[in-house]
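Fold and geometry: a report
So you can see what is in the structure, the chains are spelled out below.
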Amino acid sequence: MMKKFPSIFNDVLSPVTPGPSSSNTCGPHRIASVCRRLLNEEPKELRIRMAEKGGYFDTFYGMQSDLAFIAGALGKDFLTYNLSNAVSDAKKEGLSTDFGFTGDLPEFPSELAEITLSGKTESITATGVSLGGGEIEITRINGCPVRLDGKTYALVLFFASGEVQVHRKNRPFSEKEIDELKEGKKIRRSSQLVPVFPFRVLSDARLPFYTAEEMFSAAERSGKSLWRLAIEYESALTGESEDTLLSYAEKLYDISVGAIETGLTRISDFGGVTSPKADRYARALSEGRLFPLGIADYGCLDALCIMEHSNAHGKIVCMPTGGASGIIPAAIINAGKELGFPKEKQIQSLMTAGLIGLFFYPTHYTGALGCQAEIGIAISMASAALASMKTREPRIIEAAASLGAQSVMGMICNPVNGYVQVPCIVRNMTAVPTAITCANAALAGMDHIIPLDETCRLMLQVGKKLKPCNQAGTFNISL
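**A few points about the state of the cysteines**
- On inspection of all chains with the given rule, the structure shows zero disulfides.
- This cysteine, Cys305, is not joined by any disulfide, and Cys300 carries the nearest cysteine sulfur, 11 Å off.
- Judged by relative accessible area, which is 1%, Cys305 ranks as buried.

Written as structure tokens, this is what we have:
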């Protein structure tokens, strides 16, 4: 079995997706896209069952999971497709849909769904899990245990006996390799899958470090900036060049800038429990009617713009989730402006943020462990990125990251009416000055006490003690 190591661009500064949610919108699209490839023909029926006590129960429609599943089953490109057309397009293309909740499925993992996709001649049933932050896993196909995560090329063999086998590689399978795997076996059919993530992950990767302590120690020994170590890590994991990785980071930066601009001026299609307020906030700010917060003045506004753009189904970069997508870019962009840093330097600090996020990977950045695993991790990443703008000292940056995560440890996930609007939007705004404060505290020499590796483990321990939102934190109100 391939080892599973996180990628900055696949797991942390990821996914690039229409809002509002990485786990409840992007995850379902990726799962359905994989199922479509497994079917190998145009689907005519999509049937989905979820647990009555699972995470989808309160958020399935509010976070557009239903539309995302349909779009994936139809083979729509998620970054250009208008999700609001999913139901009508399904009817036009002859795809019937049936969504339901049952007591027969486990409530954990939180976002687990049993998907049956049928065409004219074939039908598959798969168990798909959206793990958080856009990460997915197919754990069963037609009742057979498998492991498909969409990060590698895979060949799926369907045996005449009903058995299903999965073979994975760093590159596509050639016809010769497929024939060799089929030779002497009673294979009914096969499906070849391509990665649904931005970069493939090498199965034989030798990484420069595996823990935060190893990384910070390496930075101290070598004198390298953390953004440079981030590039070295991602290159070792994916096999991509520095130029390719920095170019992709610039693309993520540009998408975030675009989200800010659109969120301020061109919001439409905004259903839910609130309405866009970024333009009013900007007006109040320019007219001097708000308390001054320094660089956080426009940092809070930019976070608000990104989140409102996200909730209008606009394209965002989840950092590390859709519910926390406004924090890191807003903090970096406005700190960069204040310090006179060019775009290149801001992108380097974005890479530092991504590097810090790697070590929180065991949480999968999922709200099932509380909002601490979304907003809290984003604050940690942003705090480290800001500190890196002022110093190259690794231990100061570690202190900023640890303090950032500690600042909201234990925060629950408690959406209203299943939407990522209340309290997520305002939490993105308040997270920006919090990240600045934590960076300043570290730069001033405040003791963080808990090393970053231990902070990550503590967040997991605390998260497991929190009641998930579907049990304790989701509120339904009449509007």
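Now that the structure has been shown, we can carry on.
**A look at the pattern of salt bridges**
- Following the criterion strictly, the structure yields 21 salt bridges and no others.
- The salt bridge involving Glu137 is made with Arg147; its shortest N-O contact spans 3.3 Å. Remark: Arg147 occurs in strand β7 (residues 144–148) and Glu137 occurs in strand β6 (residues 135–141); sequence separation between them is ten residues. Grouping residues by exposure puts Glu137 and Arg147 together as buried.
- Notably, a salt bridge pairs Glu242 with Arg228, separated by 2.6 Å at the nearest N-O pair. In this pair, Glu242 is assigned in helix α9 (residues 242–265) and Arg228 in helix α8 (residues 226–238), connecting sequence segments 14 residues apart.

**Digging into the packing of aromatic side chains**
- For the coordinates displayed, the defined rule picks out 13 aromatic pairs.
- Between the aromatic rings of Phe60 and Phe69, the centroid separation amounts to 6.2 Å while the plane-to-plane angle is 35°, which identifies the pairing as tilted. One exposure class covers both Phe60 and Phe69, and it is buried.
- Judged by centre distance (6.4 Å) and plane angle (45°), the rings of Phe209 and Phe359 are tilted. In this pair, Phe209 sits in the loop between β10 (187–193) and α7 (212–222) while Phe359 sits in the loop between α13 (343–358) and α14 (375–390), placing the two residues 150 residues apart along the sequence. With respect to burial, Phe209 and Phe359 carry one shared label: buried.
- Among the aromatic residues, those joined into a cluster by ring pairs are Tyr56, Phe57, Phe60, Tyr61, Phe69, Phe99 and Phe101.
- Over the face of the ring belonging to Phe197 we find Arg30, whose NZ or CZ atom lies 4.0 Å from the ring centre.

**A short note on helix α10 (residues 278–286)**
- Residues Ala278, Ala282, Ala284 and Leu285 constitute the buried set of α10. Taken down its axis, α10 places every buried residue within 165° of arc, on the same side.
- On the buried face of α10, the contacting elements are α9 and α11 (296–311).

Quick notes on the rules
- Along each chain, numbering runs from 1 in the same order as the chain's sequence is written.
- Since the coordinates come from a predicted model, pLDDT governs what is reported: local features require at least 70, and pairs of side-chain atoms require 80 or more to be given and counted, while whole-chain, interface and lining totals use all residues.
- Here the side-chain values reflect all heavy atoms present in the structure, with hydrogen atoms and water set aside.
- Whenever a pair of cysteine sulfur atoms sits within 2.5 Å, that pair is classed as a disulfide.
- Each residue is placed in one exposure class: buried if its accessible area under a 1.4 Å probe, protein chains only, is under 20% of its type's maximum, exposed if it is over 50%, and partly exposed if it falls in between.
- Just to be clear on terms, a salt bridge is a Lys or Arg side-chain nitrogen sitting within 4 Å of an Asp or Glu carboxyl oxygen.
- Helix numbers and strand numbers start at the N terminus; a helix is a DSSP run of H or I with at least 4 residues, a strand a run of E with at least 2.
- Working definition: a ring pair exists when centres of Phe, Tyr or Trp rings (six-membered ring for Trp) sit within 6.5 Å. Plane angles under 30 degrees give stacked, over 60 give edge-to-face, the rest tilted.
- Note on geometry: a ring has a charge over it if NZ (lysine) or CZ (arginine) is within 6 Å of the ring centre and within 35 degrees of the ring normal.
- The directions from the helix axis to the C-beta atoms form the arc being described.
- Contact between two residues is taken to exist if any of their heavy atoms lie within 4.5 Å; hydrogens are not considered.

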